[in-house]
Amino acid sequence: MKGILQRIGHILSLLSPMTWLGGLARLWVRWFGLGPFSFVLINAVRNQRRATLTVLSVASSCALLVTLLTLQRELTVPPESEGASLRIIARNKVSLAQPLPAKQLATVEKIPGVVAVSPFTYFGGNYKGEEMTSFAQFAVDPARFRELLVEGRISDGSYDEFIKDRNSCFVGADTMKRYGLKIGDKMKFTGTFYPVDLDLKIAAVFQGTVDDRGVFFHHKLLDELNGDPGTVGTWYLRVASAEVANDVIARVNKAFENSTAEVRAESERAFQMGFISMLGNVKVLTLSISGVVVFTLMLVTVSTMSMAIRERFRELAILKALGFRRRDLFSFILAESFGLAALGALVGIGGAWALWTFLDLQKMTNGFLLYFEVTPRIMASGAIVAAVLGILAAIGPSLAVARMSVVEGLKTLD
Amino acid sequence: MADPIVVIRDLSKVYRQGDINVIALNGISLGISAGEFVVLMGPSGSGKSTLLHIIAGIDSATSGEVRVQGINVANLNESQLADWRNQNVGFVFQSFNLIPVLTAHENVELPLLLTALGRKERRQQVEIALGLVGLADRGHHRPDQMSGGQQQRVAIARALVTDPALIVADEPTGNLDARSAQDVLGILQSLSRDAGKTVIMVTHDPKAAVYGTRELHLEKGELARDSVPS
């Protein structure tokens, strides 16, 4: 029994990356002889359990940091699309919740530079009795809305059918897939902003936009259900080119100046950013948590390096006696600390990247997280934090070693 | 008598322990010639280890002067002193002080990493040093795979691999059985007698002292007797 357990322990130790690194160091010495690199590597993995735990601590902290930064990006930076620079959203200057008069359409479409314009009203209903539906529904003018679709394509059904049938809708491919829908199926929505419900027939499916989840339906239907109030939520405009966008924004704003419904026009991106700001200061929250993670990471690495060096004071004293200088010892400690931190960063950041890249988060979070992309910039931030901490963690032990005299070092541990 | 390799003049060392000054060495003056095997003896706290450490450049004196091969060790800065120790002094300690994760060969090679020698030359030097202490075939063994006596012989090989003029040994037989102690003392004696190395050894053991060519007896930080071991 003992033999079997020993064998299992041996096999498990073979699975440890530290065992491989130790073996690599030994091979390095055999091929290239003893040198600073192999000396540092041998020392770094001499206590395999501690080295493994250190690497795992740094790895999990880095993974958490990368995840938080990715989450912050997901929540605060809207995805950019090719056509976003050509689209403008005009809303009521007072607030997004205030509607605009439908009669403004005639003025807006005459503004030079405007190629297309459609009412664009957020319905905010819940699908099939869901408590919170994660995809948005908008009432649009189907004929005009077609001109606003710069990217994306009709992947199923017919847009003309959508235009013809006032009770039909135009649905994103992700939503179709998620709910197992097909052309001709019904989609029922319970209104939350509006005291009306919708019963829509799927006429066409779109795909290839930055967000293939939305559902679009006839504004006329919404008007009819609400007793024709003569209002729209916002105006969605497309301009001739990105160069004229700012001029168009200024003209739209000016056109309704001093009217009963002043307008605030802005680019699609600016509009999305304004919408996000309503979520609260997500950035400060995630950065605060990231700060705590980084601080914990620092405590872990500093504590580990201090322990590792403290239990080697005698050896470092011997090295000093043999003629190694303070800067040599500092280099050894720094390389060891940096190496462990770098390995932890590689495992943690690589692991986070693999996890969030290959996991279907959109499905798992019911569409709350759409892209959750671990960008090179985020990975670089994690790596820089780990590297800086690796260096900082080496400073304390190095100073202690620099201050230690050979005699002290020998006395302490003899 | 040959010119002294170590010249000590009016050497004093005072430690501060709280509010009290403890005199470890008090006005020591002596000269040690090249090739001598000097044994430092005396009761605990007599200052023999302190004297050894100051001669070897790992501790500093409060006053007085130590010259080794004409160099005033106190005038060297940290880097110069490190280089000087690497080139001129070999250390042997009571508890061997080998690096446990390195093999015997690598432990002996360590001081050579600071020299300009190439890998091949380093290997040759290490093999010679291990051969001199009778461990040519144990180079690939780690310290925990060797006996105390063998570990101390590896430590001696490490001490002489850079071909230093001076070998300092602080109670090198303190942790060894009688047989291993004899082997180690025999090697140190041979280094002094046959290789012309100057060996300074601290010991409590009168039997070890007979291997030396000169015995210095310290008491309360002062040189009480300078004699030939009998």
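Everything below is about the structure printed above this text.
On a predicted model such as this, the values are computed, not experimentally measured, just so you know.

Chemist: Describe the interface of chain A and chain B, listing the residues and the values that go with them.
Modeler: Taken residue by residue, the interface counts 19 residues in chain A and 22 residues in chain B. Elements supplying a minimum of two residues to the side of chain A that touches chain B: helix H3 (36-44), helix H13 (313-322) and helix H17 (406-413) of chain A. In terms of residue count, H13 of chain A provides more of the side of chain A that touches chain B than any other element does, five residues in total. The residue makeup of the side of chain A that touches chain B, split by class, is nine nonpolar, four polar and six charged.

Chemist: Tell me what's going on with the sheet that holds strand S1 (residues 4-17) of chain B, and back it up with residues and numbers.
Modeler: Residue and element names in this part refer to chain B. Here we have four strands laid out as an open sheet, ordered S2-S1-S4-S5, and antiparallel in their pairing. Two strands bound the open sheet, and with one partner strand each, they are strand S2 (20-33) and strand S5 (71-72). Here S1 runs beside strand S4 (residues 63-68); their pairing, made up of five bridges, is antiparallel. When the sheet's bridge partners are listed, Ser-12 is paired in S4 with Ser-63.

Chemist: Summarise the packing of H3 of chain A against helix H14 (residues 326-358) of chain A; cite the residues concerned and give the values.
Modeler: Two quantities define a packed helix pair, namely the angle between the helix axes and the distance between the axes. Residue and element names in this part refer to chain A. Between H3 and H14, whose axes approach to 9 Å, the crossing angle comes to 60°. Considering their axes alone, H3 and H14 lie oblique with respect to each other. As H3 runs across H14, the sense of the crossing is right-handed. Of H14, the residues touching H3 (which contributes Phe-39, Val-40, Asn-43 and Ala-44) are Phe-332, Ala-335, Glu-336, Gly-339 and Leu-340. Grouping the constituent residues of the contact of H3 with H14 by class yields six nonpolar, two polar and one charged.

Chemist: Any details on the sheet that holds strand S6 (residues 89-92) of chain B? Residues and values, ideally.
Modeler: All names here are of chain B. In spatial order, the strands read S6-S7-S8-S3-S9-S10; together these six strands make up an open sheet with mixed pairing. Whereas interior strands pair on both sides, the edge strands pair on one side only; in this sheet they are S6 and strand S10 (222-227). Taken pair by pair, the neighbouring strands of this sheet meet at an average axis angle of 20°, ignoring direction. Here five bridges tie strand S7 (residues 166-170) to strand S8 (residues 198-202), and the two strands are oriented parallel to one another. Looking at the pairing, Ile-167 lines up with Val-199 of S8. On the sheet, helix H5 (residues 148-160) packs against S6 and S7 and is oriented at approximately 170° with respect to S6. The strands touched by helix H6 (residues 178-193) within the sheet are strand S3 (37-41), S7 and S8, with S8 carrying the most contacts at an inclination of about 150°.

What counts as what
Residues numbered from 1 in each chain as written. Chains lettered and ligands numbered in written order. Predicted model: local features only at pLDDT ≥ 70, side-chain atom pairs only at ≥ 80, totals over all residues. Contact = placed C-beta atoms within 7 Å. Helix = DSSP H or I, 4+ residues; strand = E, 2+ residues; numbered from the N terminus. Nonpolar A, V, L, I, M, F, W, Y, C, P; charged D, E, K, R; others polar. Pairing = 2+ DSSP bridges. Axes fitted to C-alpha atoms, helices over the stretch in contact; angles between N-to-C directions. Parallel < 35°, antiparallel > 145°, perpendicular 65-115°, else oblique. Left-handed = near helix turned anticlockwise from the far one by under 90°.

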